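In case you want the letters, here they are:
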Amino acid sequence: CSANENNGTATPPPVALSQNPSDYGNNLKIIDSNDQIKELQTIIRDKNTTRSDFKFYADRLIRLVIEESLNQLPYSDCSVITPTGAIYDGLRYRSGNCGVSIIRSGEAMEQGLRDCCRSIRIGKILVESDAETHVAKVVYARFPDDIARRQVLLMYPIMATGNTVIQAVSVLKDHGVKENSIILSNLFCTPIAARMVVTAFPDLKILTSELHPVAPNHFGQKYFGTD
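Reading guide: rules and limits
Residues numbered from 1 in each chain as written. Predicted model: local features only at pLDDT ≥ 70, side-chain atom pairs only at ≥ 80, totals over all residues. Heavy atoms only, no water. UniProt positions renumbered as here; feature names shortened; annotations may be inferred. Helix = DSSP H or I, 4+ residues; strand = E, 2+ residues; numbered from the N terminus. Buried < 20%, exposed > 50% of the residue type's maximum accessible area, 1.4 Å probe, protein only. Polar contact = N/O pair within 3.5 Å; in protein donor to acceptor, adjacent residues only side chain to side chain. Contact = heavy atoms within 4.5 Å. Salt bridge = Lys/Arg side-chain N within 4 Å of Asp/Glu carboxyl O. Axes fitted to C-alpha atoms, helices over the stretch in contact; angles between N-to-C directions. Parallel < 35°, antiparallel > 145°, perpendicular 65-115°, else oblique. Left-handed = near helix turned anticlockwise from the far one by under 90°. Pairing = 2+ DSSP bridges.

The name given to the protein chain in an unreviewed UniProt entry is Uracil phosphoribosyltransferase homolog, and the organism recorded there is Anopheles coluzzii. Under the UniProt heading Sequence similarities (unreviewed entry), the note attached to the protein chain is "Belongs to the UPRTase family."

Draft legend 1. Structural view of the side chain of E179. With respect to the secondary-structure elements, E179 resides in the loop between α4 (163-174) and β9 (182-185). For E179, a relative accessible area of 12% translates into the label buried. A distance of 2.9 Å separates the side chain of E179 from the side chain of K173, its partner in a polar contact. Of note is the side chain of E179, whose polar atom sits 2.7 Å from the backbone nitrogen of D203. The contact partners of E179, leaving out residues within four places of it in the chain, are K173, F201, P202, D203 and L204.

Draft legend 2. Focus on the pattern of salt bridges. Taken as a whole and judged by the stated rule, the model has ten salt bridges. Between K38 and E210 there is a salt bridge, and its shortest N-O distance comes to 3.7 Å. Residue K38 is located in helix α1 (residues 35-45), and its partner E210 is located in strand β12 (residues 210-211); the two are separated by 172 residues in the primary sequence. For E67, the salt bridge goes to R63, with nearest N and O atoms at 2.7 Å. Of this pair, E67 and R63 both sit in helix α2 (residues 51-70), separated by four residues, roughly a single helical turn. According to the relative accessible area criterion, R63 is partly exposed, its value standing at 33%.

Draft legend 3. View of the packing of α1 against α2. Contact geometry of α1 with α2 gives a least axis separation of 9 Å together with a crossing angle of 140 degrees. By the angle between their directions, the pair α1 and α2 is classed as oblique. Considering how the two elements wind past one another, α1 and α2 form a crossing that is left-handed. Together, Q36, I37, L40, Q41, I43 and I44 of α1 and F54, Y57, A58, R60, L61 and L64 of α2 make up the contact between the two elements.

Draft legend 4. Region of interest: the sheet that holds strand β6 (residues 136-142). The strand order β1-β11-β9-β7-β4-β5-β6 describes an open sheet built from seven strands, whose pairing is mixed. If you trace the sheet from one side to the other, it starts and ends with β1 (28-30) and β6, each paired once. Averaged over all neighbouring strand pairs, the angle between strand axes comes to 25 degrees, with direction disregarded. Both β1 and strand β11 (residues 205-208) contribute to a ladder of three bridges, which runs parallel. For I30, the partnering residue across the bridge sits in β11 and is T208.

Draft legend 5. The arrangement of unusual backbone geometry in detail. Here the bond from I103 into R104 is cis, since omega is 5 degrees, no more than 30 degrees from zero. Here R104 is to be found in the loop between β4 (97-103) and α3 (110-116).

Draft legend 6. The pairing of β9, seen in detail. On β9, burial covers both faces: I182 and L184 on one face and I183 and S185 on the other are all buried. In this structure, strand β7 (residues 151-155) lies alongside β9, joined through four bridges in parallel fashion. Across the sheet, M155 pairs through a bridge with S185, a residue of β9. The sheet contact formed by β9 and β11 spans three bridges and is parallel. By the bridge assignment for β11, L184 is matched with I206.

This is the structure:
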C-alpha cells in the first residue's frame with residue numbers, strides 16, 4: 001500500500017469499473033464476439049505485429065464494426081420490382097445519414113464507411129489537448145451544411161478516457177445535431193471512457209467491439225506508420 005507524500009495517509013486503490021456493457025445503459029452495445037473478432041483484437045494489440053499486418057487486420061475489424069453501426073441507423077419499408085416482374089418487400093436507409101471522423105485516428109475508419117455507403121458525406125473534427133493544462137478542446141470542425149437534420153455516425157477507434165469524444169459530441173450538438181441522432185462507432189473502449197460518455201450523453205448510442213480497461217493507444221501511430 002503506497003503512502004501519500006503530503007500527509008502519510010494510505011492511498012486507496014483505484015475503483016475497478018465493470019466490464020459488463022449492461023451496467024452502462026441500453027445505448028452501449030458490443031458487437032457479438034467470436035473467435036475471428038478475438039483474433040483480430042489480439043493481432044492489433046500484439047506489439048510484434050508488423051504495420052502491414054496491423055493495417056490489414058484493423059481494416060477487417062473496422063469493417064465489422066461499421067457494418068454493425070449501420071444496423072443502428074433508421075430504415076424505411078420499401079417495395080421493388082425484380083427482373084422477373086415480382087414485387088419484393090424490403091428495406092432502405094432513410095435519407096440524411098453522414099459520417100464524421102475525429103482526426104486523426106478516426107480517419108482510419110472512413111474507407112470502411114465508404115466501402116459500405118458509396119455516396120455518404122463525411123465531416124471532420126480535430127480535438128487537441130492543451131500542452132499545459134491537458135484540457136481537450138476542438139480546434140477544427142467541418143460538417144455538411146444540413147448536419148442538424150442528419151443521422152451522424154461518429155468514428156473514433158480508441159476511446160481511453162472519453163474526453164475527446166465528449167468534446168466532439170458537444171460540437172455536434174452546438175451545430176444542432178440531436179444527441180439521439182449520433183452513433184459512436186468505436187473499436188476499443190475502456191470502462192472509464194464508457195462511464196464518462198454515457199454520463200455526459202445518456203441518449204448517445206455507442207457501438208464498440210470490446211470493453212476492456214487497457215486500450216491499444218498505439219492504434220493511430222501504428223495504422224498511419226508514424227510510430
